[in-house]
Amino acid sequence: MKNSILSTEPQKTTLLIRFMVGFYFLAGGVIKLSYPELQDTGFFQNLGFISAGAIVSVISLIEIICGLMIIAGLFTRIAVIPLLLTISFTVLIGKFPILFEEGFWMMAHISRIDFAMFFGCVFLFITGSGFWSLDWKMQAKEA
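Going along each chain's sequence as written, the residues are numbered from 1 onward. Thresholds applied to this predicted model are a pLDDT of at least 70 for local features of residues and 80 or more for the giving and counting of side-chain atom pairs; totals over whole chains, interfaces and linings are not thresholded and use all residues. Water and hydrogen atoms were dropped before computing side-chain values, which therefore reflect all heavy atoms in the structure.

Enquirer: Hey, could you run me through the packing of helix α5 (residues 76-102) against helix α7 (residues 112-127) in this one?
Expert: Helix packing for two helices is described by the angle between their axes and how far apart those axes are. Their axes nearest at 9 Å, the elements α5 and α7 cross at an angle of 155°. Here α7 runs roughly antiparallel to α5, going by the angle between their axes. Judged by the twist between their axes, the crossing of α5 over α7 is left-handed. Listed contacts from α7 to Thr76, Arg77, Val80, Ile81, Leu83, Leu84, Ile87, Ser88, Thr90, Val91 and Lys95 of α5 are Asp114, Phe115, Met117, Phe118, Cys121, Val122, Leu124, Phe125, Ile126 and Thr127. The class makeup of the residues in the contact of α5 with α7 is 14 nonpolar, 4 polar and 3 charged. Note on method: axes are straight lines fitted to C-alpha atoms, helices fitted across the in-contact stretch only, with angles between N-to-C directions ranging 0 to 180 degrees. Segments assigned H or I by DSSP are reported as helices when at least four residues long, segments assigned E as strands when at least two residues long, and all are numbered from the N terminus. Any angle between 65 and 115 degrees counts as roughly perpendicular, while under 35 counts as roughly parallel, over 145 as roughly antiparallel, and the rest as oblique. Note on convention: near helix rotated counterclockwise from far helix by under a right angle means a left-handed crossing. Clockwise means right-handed. Whether two residues are in contact is decided by their heavy atoms, any of which lying within 4.5 Å being enough. Following the grouping adopted for this structure description, the nonpolar residues are Ala, Val, Leu, Ile, Met, Phe, Trp, Tyr, Cys and Pro, the charged ones are Asp, Glu, Lys and Arg, and the polar ones are all others, Gly among them.

Enquirer: Where do I start with the packing of helix α2 (residues 14-34) against α7 in this structure?
Expert: Where α2 meets α7, the closest approach of the two axes is 10 Å, and the angle between their N-to-C directions is 130°. One element, α2, and the other, α7, form an angle in the oblique class. For α2 against α7, the interelement crossing comes out left-handed. Across the interface between the two elements, Thr14, Ile17, Arg18, Met20, Val21, Tyr24 and Phe25 from α2 touch Ile113, Asp114, Met117, Gly120, Cys121, Phe123, Leu124 and Thr127 from α7. Its residues assigned to classes, the contact of α2 with α7 shows 10 nonpolar, 3 polar and 2 charged.

Enquirer: Can you walk me through a nonpolar patch on the surface in this structure?
Expert: Nonpolar side chains (Val, Leu, Ile, Met, Phe, Trp, Tyr) within 5 Å and like charges within 9 Å form the patches, drawn only from residues with over 30% relative accessible area and no salt bridge. Working definition of accessibility: Shrake-Rupley area with a 1.4 Å probe, residue cover restricted to the visible protein chains. Definition used for salt bridges: Asp or Glu carboxyl oxygen within 4 Å of a side-chain nitrogen of Lys or Arg. On the surface, Phe89, Leu92, Ile93, Phe96 and Phe100 cluster together into a nonpolar patch covering about 500 Å² of accessible area. Here Ile93 shows up in helix α5. Between buried and exposed lies partly exposed: a residue is buried under 20% and exposed over 50% of the maximum accessible area for its type, with that area taken using a 1.4 Å probe on protein chains only. Judged by relative accessible area, Ile93 falls into the partly exposed class, the value being 34%.

What follows is the structure in structure tokens.
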């Protein structure tokens, strides 16, 4: 089981995707925690969550921790799973209604970064973290 989690292709260019995805989520989490006035707790309150601020804080911490893990290439396949769930929830609940209100192209425009991060996470889940990663170093030691 551990070998399948750590296994990764020896591609050196995967580092670029890791930095793109990891930094996006790291920056998003830090901004949400650093500037509470930017937290869109009304979104969660409208869904019926009582403690919306606490939910935003938990999501922010998950984004920071997983973002750092992806940048380092540490258990990358595990780290992308909560981020895939987060981004999927964001698109389905927050962006998908735009499709019916303003049309496909407006929804596609507003959601373009979300889709890019979703597919970046899927890529990392499939290929692993690549050559320059802690996963690669741990995999090499076990072999």
